[in-house]
Amino acid sequence: MAVTRAKKIESAKQLNADLKKVSNLFVGTFSKLTVPQDFALRKSVRAAGARYRVVKNTLAERAAKGTKVEEALKNLTGVTSIAYTEGDPVALAKALAKYVKDNPEFSFRAGVVEGRLVSQREIEALATMPSKEELYSKLLFLMQAPAQRLVTVVNALGRDVAV
């Protein structure tokens, strides 16, 4: 059953509204992906707090006009899918990189991180970085370390006297 022109326009408007909100997007392509593999991909992307869509190339290009991700969605060919998030791009990149490693049928084409176009190699590098939560915990540990050492030194005096 063919999709009517009105439905295509509505789909493009909805995608445009979603793309105006996001600044992190990854464009992928796949071939011979089975339904269970696609379901696993969608589940891992959802767990990362993102959305995943398989899009028609011309509709994606039209929907991206006037957004931060316009450059990544130009001149698309073949089967195209997009994963996008308003949140942490590292979590999404990790989820997609793990999936790509397990399923060679899926691969990256390009991406946009914080409004900047990135290549496939940069996406893989982004996936190896720690997440925001990990960075915050490391920073908090480094901030607490001097105070913790001071308390240890002060307690050492009393401990030495008692021993």
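Our subject in this report is the structure included herewith. (Residues numbered from 1 in each chain as written. Predicted model: local features only at pLDDT ≥ 70, side-chain atom pairs only at ≥ 80, totals over all residues. Heavy atoms only, no water.)

## Points about a positive patch on the surface
And step 1. There is a patch of like positive charges on the surface, built from R5, K8, K56, R62 and K65.
And step 2. Of note, K8 is situated in helix α1 (residues 5-21).
And step 3. Given a relative accessible area of 35%, K8 falls into the partly exposed group. (Patch = residues over 30% accessible without salt bridge, like charges linked within 9 Å, V, L, I, M, F, W, Y side chains within 5 Å. Areas by Shrake-Rupley, 256 points an atom, 1.4 Å probe, with all protein chains shown as cover. Salt bridge = Lys/Arg side-chain N within 4 Å of Asp/Glu carboxyl O. Lys, Arg positive; Asp, Glu negative; His and termini not counted. Charge placed at Lys NZ, Arg CZ, Asp CG, Glu CD. Helix = DSSP H or I, 4+ residues; strand = E, 2+ residues; numbered from the N terminus. Buried < 20%, exposed > 50% of the residue type's maximum accessible area, 1.4 Å probe, protein only.)

## What to know about the side chain of D38
And step 1. With respect to the secondary-structure elements, D38 resides in helix α2 (residues 35-47).
And step 2. Polar side-chain contacts of D38 include one of 2.9 Å to the side chain of R42.
And step 3. Residues in contact with D38, not counting those within four places in the same chain, are L33, Y52 and Y99. (Polar contact = N/O pair within 3.5 Å; in protein donor to acceptor, adjacent residues only side chain to side chain. Contact = heavy atoms within 4.5 Å.)

## So, the sheet that holds strand β4 (residues 106-113)
And step 1. Across the sheet, which stays open at both edges, the 5 strands sit in the order β2-β3-β1-β4-β5 with antiparallel pairing between neighbours. With one partner strand each, in any of the chains shown, β2 (51-55) and β5 (116-118) form the two edges of the open sheet. When strand polarity is set aside, the average angle formed by the axes of neighbouring strands in this sheet is 20 degrees.
And step 2. Judged from the 5 bridges that link them, strand β1 (residues 24-30) and strand β3 (residues 80-85) form a sheet pairing that is antiparallel. Residue pairing in the sheet places N24 in a bridge with T85 of β3.
And step 3. With respect to the sheet, helix α4 (residues 89-102) is in contact with β1, β3 and β4, its orientation differing from that of β4 by roughly 170 degrees.
And step 4. Together, β1, β4 and β5 form the strand contacts of helix α5 (residues 120-128), whose direction differs from that of β4 by roughly 85 degrees. (Pairing = 2+ DSSP bridges. Axes fitted to C-alpha atoms, helices over the stretch in contact; angles between N-to-C directions.)

## Looking at the nonpolar core
And step 1. Of all hydrophobic cores here, the largest spans 20 residues; its most connected members are F26, L41, V45, Y52, L92, L96 and F106.
And step 2. For this core, the elements supplying multiple residues, two or more each, are β1, α2, α4, β4 and α5.
And step 3. Take this core: its biggest share by element is 5 residues, from α4.
And step 4. If we ignore the near neighbours within four places in the chain, the residues touching V45 are A50, R51, Y52, A83, L92 and L96. (Core = buried A, V, L, I, M, F, W, Y, C linked by side-chain atoms within 4.5 Å.)

These results come straight from atomic positions and should not be treated as a statement about function.
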